[in-house]
Amino acid sequence: MTISWSLDPPKKLQNVVGTGLDIYEQLYGALSQDPATPLSRITVTNAAFSLEPFAGCPARCAYCVVGSSARDIQLDGAVVRMPARPALLFKPVELVDALVTHPAFLPDRSVIGVGNGTTESFLPETERATWEIVDAFRRRGLKNPFWFVTKLGFADGIAERWACRFEMLHDSGIAVVLSVTYSAAPRWMEPHIGDRFRNIARLKRAGIRVSHHLRPILRGVNDSPDAARTAVRASANLADVICIGGLRPDTGLRLVWEQVYKLDPALLPHTNEKDLPEHFEPMLLDIVAAEGLHTPIVTRSTAAITRLLGIDDYALLGYQTPAPALLDIPITDQERIRGKSSIAVTDSIAAIALAIGLNLTFHAVGTRIYASRELLYQERQLLLHAIGHSGFFH
Ligand code: SF4
């Protein structure tokens, strides 16, 4: 059977309020550009599919990347606003139905997130929808692992309810990784104060694994030893891994930073790449050791998830390479894979692509693998996701 689907190139809203900045109409990585379909609220990244039922978030982080999506901000004349109240765009079951029938969804294997790209998922007004999504997968008998990210943590009023839910998932063989984001950032950068690790010990007893997302680190702002020590102490004996990361000043982030929160653009990294100060990781290693902890430190979310789920490198971190190439596979690995399947690596990749509805051919130039045409970001991510979960390299 030939599966077919297509993606439109992302549409852009140009020169937003005269800033010279262009943003996308939909979320970056959305599986559809059509706002009428739930696929427009499902994104794919290296780490996971994320279902985004809501637009709007009260957390008011100054570096919120939601500014990249015109659908998620309010433009009022020359004023940019960030909606603080979450508005439900699609019912949880609509999102789940859309994802599980998408050819690139892998039952029991694709890692699933909820609200990882937009709205905090454990607010009083959002946590019910979060659970409805999780439960919809469970009721279908699916065992896909979940990866949640929280910036606000679990309030007392919902912690016990979620502990019971996590226990039920654990008993059903469904793994959960929770990333708690805390970097001791100043209040002008993250207004929310409060112990984000409160109640995490209870949730861990319910069987989840926890990554302390100690990010974003902004040079000259929260990269000091004192800030790092404060952050490390907050998750001591709770975090199974610490995941650090810098800030990438994407267009949407710049828009929010400058137009909504009126912050100095000079504070942002002077590069378009994610900027993690060079001293930060070695400094953090020393601090973790000095605190008598043995928490491993990683620099990619996918590395944290992979480690906590105990699965192979499904994001192919060791093989990814910048476009236009798709993968960089050492010749020895190409020969090993060919030995297992009896066909060339490029043919194996073509078969995986076809299985998710991408009818492409591939060719190798030395160690680099190229597709027969340029891939949209989403196509590339879906293909890497399919290859990564196929066990192809292992
Ligand atoms: S919690 Fe996430 S979506 Fe909400 S404001 Fe902060 S960065 Fe944006």
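Residues numbered from 1 in each chain as written. Predicted model: local features only at pLDDT ≥ 70, side-chain atom pairs only at ≥ 80, totals over all residues.

(A) Focus on the overall build of the chain. In terms of regular secondary structure, the chain is built from eleven helices and 17 strands. Relative to its length of 394 residues, the chain is compact, with a C-alpha radius of gyration of 21 Å against a globular reference of 21 Å. In terms of principal-axis extent, the alpha carbons of the chain reach across some 55 × 55 × 45 Å. Here the chain holds 394 residues, and the buried ones make up 45% of them. By sequence separation, contacts in the chain at least 24 residues apart represent 75% of the contacts at least 6 residues apart. (Helix = DSSP H or I, 4+ residues; strand = E, 2+ residues; numbered from the N terminus. Rg over C-alpha atoms; globule rule 2.2 N^0.38 Å. Buried ≥ 20, exposed ≤ 12 C-beta atoms within 10 Å, placed from the backbone. Contact = placed C-beta atoms within 7 Å.)

(B) Structural context of the site of the ligand. If you check the shell around the ligand, you find Cys 57, Ala 59, Arg 60, Cys 61, Cys 64, Val 66, Thr 118, Thr 119, Glu 120 and Lys 151 and nothing else. For the shell around the ligand, the per-class residue count stands at five nonpolar, two polar and three charged. (Near = placed C-beta within 6 Å. Nonpolar A, V, L, I, M, F, W, Y, C, P; charged D, E, K, R; others polar.)

(C) How the structure looks around the domain arrangement of the chain. When the domains of the chain are assigned, the result is domain 1 (12-309) and domain 2 (327-388). With seven residues of domain 1 at the contact, the number on the domain 2 side is eight residues. Looking at the side of domain 1 that touches domain 2 residue by residue, the classes come out as four nonpolar, three polar and no charged. (Domains from an automatic or database assignment.)

(D) The arrangement of helix H6 (residues 251-260) in detail. Across the ten residues of H6, seven count as buried, placing the element largely inside the fold. All buried positions along H6 are accounted for by Thr 251, Gly 252, Leu 253, Leu 255, Val 256, Trp 257 and Gln 259. Residues of H6 that are buried in the fold lie against strand E2 (23-24) and strand E7 (79-81). Lys 262, located one to two residues past H6, shows a positive phi value of around 55 degrees.

(E) Quick look at the sheet that holds strand E16 (residues 362-365). On the basis of which strands lie adjacent, the open sheet formed by three strands has the order E15-E17-E16 and antiparallel pairing. For this open sheet the edge positions go to strand E15 (327-328) and E16, each flanked by a neighbour on one side alone. Relative to strand E17 (residues 368-371), E15 is paired through two bridges, and the arrangement is antiparallel. For Leu 327, the partnering residue across the bridge sits in E17 and is Ile 369. The strands that helix H10 (residues 345-355) touches are E16 and E17; relative to E16, the one it contacts most, it runs at about 145 degrees. (Pairing = 2+ DSSP bridges. Axes fitted to C-alpha atoms, helices over the stretch in contact; angles between N-to-C directions.)

(F) Region of the structure containing the packing of helix H1 (residues 92-100) against helix H2 (residues 127-139). At their nearest, the axes of H1 and H2 sit 9 Å apart, and the two run at 40 degrees to each other. In terms of their interaxial angle, H1 and H2 are classed as oblique. As for the relative orientation of H1 and H2, their crossing is right-handed in sense. Counted together, Pro 92, Val 93, Leu 95 and Val 96 of H1 and Ala 129, Glu 132, Ile 133, Ala 136 and Phe 137 of H2 form the full contact between these two elements. Residues that form the contact of H1 with H2 fall into these classes: eight nonpolar, no polar and one charged. (Parallel < 35°, antiparallel > 145°, perpendicular 65-115°, else oblique. Left-handed = near helix turned anticlockwise from the far one by under 90°.)

(G) Layout of the nonpolar core. Core analysis: the largest hydrophobic core is formed by 111 residues, its most contacted members being Ile 42 and Val 176. Per-domain counts for this core show at least three residues from each of domain 1 (12-309) and domain 2 (327-388). Discounting chain neighbours no more than four positions away, the residues touching Ile 42 are Ala 30, Leu 31, Phe 49, Leu 51, Leu 95, Ala 98 and Leu 99. (Core = buried A, V, L, I, M, F, W, Y, C linked by C-beta atoms within 7 Å.)

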